[in-house]
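# Architecture and fold: a report
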Amino acid sequence: VQLQASGGGSVQAGGSLRLSCAASGLTFSGNAMSWFREAPGKEREFVAAISWSGATTHYADSVEGRFTISRDNAKNTMSLQMNSLNPEDTAVYYCAAKDRDTPWYPIGVDDFRFWGQGTQVTVSS
């Protein structure tokens, strides 16, 4: 299984970025997915999750209303649209997948089996 995250970059506060995660080696439509992030000196934290069908999404309070998670099962991809970015969003962002047919909840780091390599997002004030 491979998860390839991309789309990171440097933006000014208030700007937007769209992250993508391309999956291979798994039956993508059967796996709940999520985005996590890890800022320097901090633990990896949950950002957003999406059920295998895309019908259910869940967000961390810190990104609710600014970020949107989505997936395209036909293309084996997941995305994270990030708007109104602020410096506190600076982190390495990781996409993660659960085992097939596992519910999207719980959303702890240890609940996700497969991880991408991460993509850096830097937001300047």
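Further up the page is the structure itself.
Residues numbered from 1 in each chain as written. Predicted model: local features only at pLDDT ≥ 70, side-chain atom pairs only at ≥ 80, totals over all residues. Heavy atoms only, no water.

### Points about the pairing of strand S5 (residues 45-50)
- In terms of burial, S5 is a largely internal element, 5 of the 6 residues being buried.
- Once strand S4 (residues 33-38) ends, the chain turns through 6 residues before running back antiparallel as S5, passing Gly41 with a positive phi of about 80°.
- Taken together, the 3 bridges between S5 and strand S6 (residues 57-59) define a ladder with antiparallel strand orientation. Residue Ala48 lies in a different strand from S6, and its bridge partner there is Tyr59.
- Here S5 hands over to S6 after 6 residues, with Gly54 in that stretch at a positive phi of 90°. (Buried < 20%, exposed > 50% of the residue type's maximum accessible area, 1.4 Å probe, protein only. Helix = DSSP H or I, 4+ residues; strand = E, 2+ residues; numbered from the N terminus. Pairing = 2+ DSSP bridges.)

### Thoughts on the nonpolar core
- If you look at the biggest cluster of nonpolar residues, it comprises 37 residues, and the most contacted ones within it are Trp35, Met78, Leu80, Met82 and Tyr93.
- For Leu80, the contacting residues outside a window of four places in its chain are Leu17, Arg18, Leu19, Trp35, Val47, Ala48, Phe67, Thr68, Ile69 and Tyr93. (Core = buried A, V, L, I, M, F, W, Y, C linked by side-chain atoms within 4.5 Å. Contact = heavy atoms within 4.5 Å.)

### Looking at the packing of aromatic side chains
- Under the defined criterion, the tally for this structure stands at 5 aromatic pairs.
- Here the aromatic rings of Phe36 and Phe112 are separated by 5.3 Å at their centres, their planes lie at 75°, and the arrangement is edge-to-face. In this pair, Phe36 is assigned in strand S4 and Phe112 in the loop between strand S9 (91-97) and strand S10 (114-115), connecting sequence segments 76 residues apart. The same class applies to Phe36 as to Phe112, namely buried.
- Aromatic pair Trp104 and Tyr105: ring centres 5.5 Å apart, planes at 75°, arrangement edge-to-face.
- Classification of Trp104 as partly exposed rests on a relative accessible area of 22%. (Phe/Tyr/Trp six-rings, centres within 6.5 Å; stacked < 30°, edge-to-face > 60°.)

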